[in-house]
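Residue-level structural notes
The residues making up each chain are set out below.
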Amino acid sequence: MKVLVIGGAGYIGSHVVKELMAQGHEITVFDNLSSGLLQNLFKENDFIAGDILYKDSLDKAFARGFDAFIHLAAFKAAGESMINPEKYSVNNITGTLNILNSAVEHNCKYMVFSSSAAVFGEPKYLPIDEDHPKDPENYYGYTKLSIEEFMKWYDKIKGLKFAALRYFNAAGYDPDGVLYGLEQNPANLLPIIMEVACGMRDKMKIFGKDYDTPDGTCIRDYVHVTDLARAHVKALDYIVKNNESLTVNLGSEKGTSVTEMVEAARRITGQPIPADYVERRPGDPACLYATSKKAAEKLNWKAEYSDIDTLIDSTYKAYQRYNKEHK
Ligand code: UFG
């Protein structure tokens, strides 16, 4: 299929592109490179430097004719979205409405969307399934939830078929080592651990040790970016084959605490990784993990690279390679 990947130069987007290429799809990447990297582009693919806030540039892109598109272009810092919601309204919501309008105008009616576990908010029960109540804790999560609603209306009115993929905690790097472009100013746990392991920062903070969990630190469901990428390919096949929209959770179904992650990183990297326990970070639920039963049933998907050792090892290799090249 001819597929437009919006946000395809980013961390998750580039891994999605790699998996789509492996299945023989013909790819064009659309990205404004605000957080995406030229380094993440493959020379085999077309690239359009464009911004989703300019509908004209989307119109020009969609006019090339695509069977489907994948939308991963969004800001994703939950904390920032509570300080600067305007940025998230404009980019995530207005930008997505531009995409939806341009796509349906150009008769491109299959869409895979990067949604998030942030749509659920504080868990009411575990593991979190697709029907769990949606009550986002932050504005970022609300933008994802509202986009899920927009897509349902465009399905009803315009026949757009979508797959909304609710990622839990995306982590890891391409196990083949082809993709190793690092995210700039990361705020997520594993990149921060890696910055300490590689001497890019002196030490890290562990936010809270008095949670109601076995070791007192927060538990999350870390899912490898290559597993997520493969789910995009399967979801695209599913919606095209069945002409039916789909919303699924994507997690490894395993909970890992912050302390477990830091200790595993010390073991795998052989680095001391100094860490201080500090106050809780506002808005962090104690424990979050998914059931991916629906993804298994509908997409024949399961996480294959999401064990902690592969997550850490693949990320460490990306950081080492980056640091070697940027000495
Ligand atoms: N953490 C630390 N120290 C750090 C960074 C993080 O202790 O320096 C802790 C956090 O407090 C949390 C855990 O590590 O307990 C994971 O934090 P992240 O910031 O990596 O991830 P979040 O769980 O907060 O959120 C991530 C994505 C969201 C997504 C969510 C879905 O950033 O976009 O997963 O589960 F919605």
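For clarity, every value in this text was computed on a predicted model and none was experimentally measured. (Residues numbered from 1 in each chain as written. Predicted model: local features only at pLDDT ≥ 70, side-chain atom pairs only at ≥ 80, totals over all residues. Heavy atoms only, no water.)

What follows deals with the site of the ligand. In the vicinity of the ligand, 21 residues are found, and the nearest of them are Ser116, Asn169, Lys205, Arg281 and Asp284. Contacts to the ligand include Asn188, whose side-chain N or O atom sits 3.0 Å from an oxygen atom. Here Asp284 contributes a side-chain N or O atom positioned 2.5 Å from an oxygen atom of the ligand. When the ligand sits alone it has 690 Å² of accessible area, and the protein chains cover 89% of it. (Near = heavy atom within 4 Å. Polar contact = N/O pair within 3.5 Å; in protein donor to acceptor, adjacent residues only side chain to side chain. Areas by Shrake-Rupley, 256 points an atom, 1.4 Å probe, with all protein chains shown as cover.)

One open sheet holds the seven strands; their spatial order is S3-S2-S1-S4-S5-S6-S11, and the pairing between them is parallel. The strands lining the two open edges of the sheet, one partner per strand, are strand S3 (46-49) and strand S11 (246-250). Neighbour-to-neighbour, the strand axes of the sheet open up by a mean angle of 20°, direction not taken into account. For strand S2 (residues 26-31) and S3, the ladder comprises four bridges, and the chain directions are parallel. From the neighbouring strand, Thr28 faces S3, where its bridge partner is Asp46. Across the sheet, helix H4 (residues 85-105) touches strand S1 (2-6), strand S4 (68-71) and strand S5 (110-116), and the angle it forms with S4 is around 180°. (Pairing = 2+ DSSP bridges. Helix = DSSP H or I, 4+ residues; strand = E, 2+ residues; numbered from the N terminus. Axes fitted to C-alpha atoms, helices over the stretch in contact; angles between N-to-C directions. Contact = heavy atoms within 4.5 Å.)

Turning our attention to a nonpolar patch on the surface. Where nonpolar side chains cluster on the molecular surface, the patch consists of Leu53, Tyr54 and Val90 and spans about 290 Å² of accessible area. Locating Leu53 in the fold gives a position in the loop between S3 and helix H2 (55-62). The class of Leu53 is partly exposed, set by a relative accessible area of 34%. (Patch = residues over 30% accessible without salt bridge, like charges linked within 9 Å, V, L, I, M, F, W, Y side chains within 5 Å. Salt bridge = Lys/Arg side-chain N within 4 Å of Asp/Glu carboxyl O. Buried < 20%, exposed > 50% of the residue type's maximum accessible area, 1.4 Å probe, protein only.)

Within the structure shown, the criterion is met by 20 salt bridges. Of the charged contacts, one joins Arg267 and Asp309 as a salt bridge, the two residues approaching to 3.0 Å between their closest N and O atoms. Taken together, the residues Arg267 in helix H8 (residues 258-269) and Asp309 in helix H10 (residues 308-325) connect sequence positions 42 residues apart. When the shortest N-O distance is used, the salt bridge between Glu297 and Lys293 registers 3.9 Å. Taken together, the positions of Glu297 and Lys293, both in helix H9 (residues 293-299) and four residues apart, correspond to about one turn of that helix. Accessibility classification places Glu297 together with Lys293 in one group, the exposed group. Each of Lys18, Asp174 and Asp176 takes part in one network of salt bridges that share partners.

This paragraph deals with the domain arrangement of the protein chain. Here the protein chain is partitioned into domain 1 (2-171 + 222-249) and domain 2 (189-220 + 253-325). Across the boundary between the two partners, domain 1 contributes 27 residues, which contact 28 residues of domain 2. Both sides together, the interface formed by domain 1 and domain 2 hides about 2,500 Å², and carbon and sulfur atoms give 64% of it. Taken as a group, Tyr222, His224 and Asp227 account for 29% of the area that domain 1 buries against domain 2, more than any other trio of residues on that side. Summed over the shared surface of domain 1 and domain 2, the result is zero salt bridges. Scanning the region where domain 1 abuts domain 2 turns up 11 residue pairs in polar contact (both at pLDDT 80 or more). Where the side of domain 1 that touches domain 2 is concerned, the elements lending two or more residues are strand S7 (169-171), strand S10 (222-224), helix H7 (225-242) and S11. In terms of residues, the side of domain 1 that touches domain 2 owes the most to one element, H7, which gives seven residues. (Domains from an automatic or database assignment. Buried area = accessible area lost by both parts, 1.4 Å probe.)

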